[in-house]
Amino acid sequence: MRFSSVVAAAALAVSFGAASAAHAADTLGAPTAKLTLTAKSADIGLGYTWGDGTLTYAGKAHAFSITGGTIAAVGFSKIEGTGTVYNLHRLKDFNGTYAAAHGEATLGQGLGGAVLENKNGVRIKIETISQGARLAGSAQGLTLTLK
């Protein structure tokens, strides 16, 4: 009897976790594309970020460039990331400046993530791996431009 209670509690916890993940995806909108990127950030108070990536949309790969800046950061890091793009209904809506609250503490290697959004309502949920030595707790704006 006790074992069945533990199993029931575990099943209930898993179902709540699945419902939370589904709710988070609903909040971001409909997944419409994937992306990968590689970028570098160099900062001394104010910072600069640059790099390249690939957007996979409607079965085709599209190269894009990354530029942007941060405030309140010190250090250097190389960032590699993968992400899911939401609410991208026209390819041209991908271009734009994406805003996000950003935090990073990297010494050697670190993991991170963010949700970015541009003025066209396109959202990107990104997971990153960074290498270097950098401390940032700031607002960040990244401009993504299809090549």
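Residues numbered from 1 in each chain as written. Predicted model: local features only at pLDDT ≥ 70, side-chain atom pairs only at ≥ 80, totals over all residues. Heavy atoms only, no water.

Moving on, we come to the overall build of the protein chain. The number of helices and strands found in the protein chain is one helix and four strands. In the protein chain, the succession of α and β elements from N to C terminus is α-β-β-β-β. When burial is assessed residue by residue, the protein chain has 35% of its 147 residues classed as buried. Across the protein chain, the fraction of contacts at a sequence separation of at least 24, relative to all contacts at a separation of at least 6, is 71%. (Helix = DSSP H or I, 4+ residues; strand = E, 2+ residues; numbered from the N terminus. Buried < 20%, exposed > 50% of the residue type's maximum accessible area, 1.4 Å probe, protein only. Contact = heavy atoms within 4.5 Å.)

All right, on to the nonpolar core then. Counting 21 residues, the largest nonpolar core has Leu35, Leu55, Phe64, Val85, Leu88, Phe94 and Ile124 as its most contacted members. Of all the secondary structure elements, the ones that give two or more residues to this core are β1 (31–57), β2 (60–86), β3 (96–117) and β4 (123–146). With residues up to four places along the chain from it excluded, the contact list for Val85 reads Ala30, Pro31, Thr32, Ala33, Lys34, Leu35, Leu55, Val122, Arg123 and Ile124. (Core = buried A, V, L, I, M, F, W, Y, C linked by side-chain atoms within 4.5 Å.)

Take the pattern of salt bridges next. A full pass over the atoms with the stated rule returns four salt bridges. One salt bridge in this structure joins Lys78 and Glu80, with 3.6 Å as the shortest N-O distance. Judged by relative accessible area, Glu80 falls into the partly exposed class, the value being 43%. The salt bridge partner of Glu117 is Arg123, with a shortest N-O separation of 3.4 Å. (Salt bridge = Lys/Arg side-chain N within 4 Å of Asp/Glu carboxyl O.)

With that settled, the discussion passes to the side chain of Asn118. Tracing the backbone through its elements, the reader meets Asn118 in the loop between β3 and β4. The buried category is assigned to Asn118, whose relative accessible area is 5%. Of note is the side chain of Asn118, whose polar atom sits 2.9 Å from the backbone oxygen of Asp93. (Polar contact = N/O pair within 3.5 Å; in protein donor to acceptor, adjacent residues only side chain to side chain.)

With that out of the way, let us pick up a nonpolar patch on the surface. A cluster of nonpolar residues, Tyr48, Trp50 and Phe76, forms a patch on the protein surface that exposes about 300 Å² of accessible area. Within the fold, Phe76 resides in strand β2. By relative accessible area, Phe76 is classed as partly exposed at 40%. (Patch = residues over 30% accessible without salt bridge, like charges linked within 9 Å, V, L, I, M, F, W, Y side chains within 5 Å. Areas by Shrake-Rupley, 256 points an atom, 1.4 Å probe, with all protein chains shown as cover.)

What follows is about the confidence of the model for the protein chain. Any region with low pLDDT has predicted coordinates that should not be read closely. Residues of the protein chain with pLDDT of at least 70 account for 68%, and the chain-wide mean is 77. Between residues 1–24, whose pLDDT stays under 50, and residues either more than four places distant or in other chains, the model counts zero contacts. (pLDDT = per-residue confidence, 0-100.)

Applying the stated criterion across every chain yields a total of three aromatic pairs. Centroid distance Tyr48 to Trp50: 5.8 Å. Interplanar angle 15 degrees. Geometry classified as stacked. Seen from their ring centres, Phe94 and Tyr98 are 6.1 Å apart, and the 55 degrees between their planes marks the pair as tilted. Both residues of the pair, Phe94 and Tyr98, count as buried. An aromatic cluster of three or more residues is present, and its members are Phe64, Phe94 and Tyr98. (Phe/Tyr/Trp six-rings, centres within 6.5 Å; stacked < 30°, edge-to-face > 60°.)

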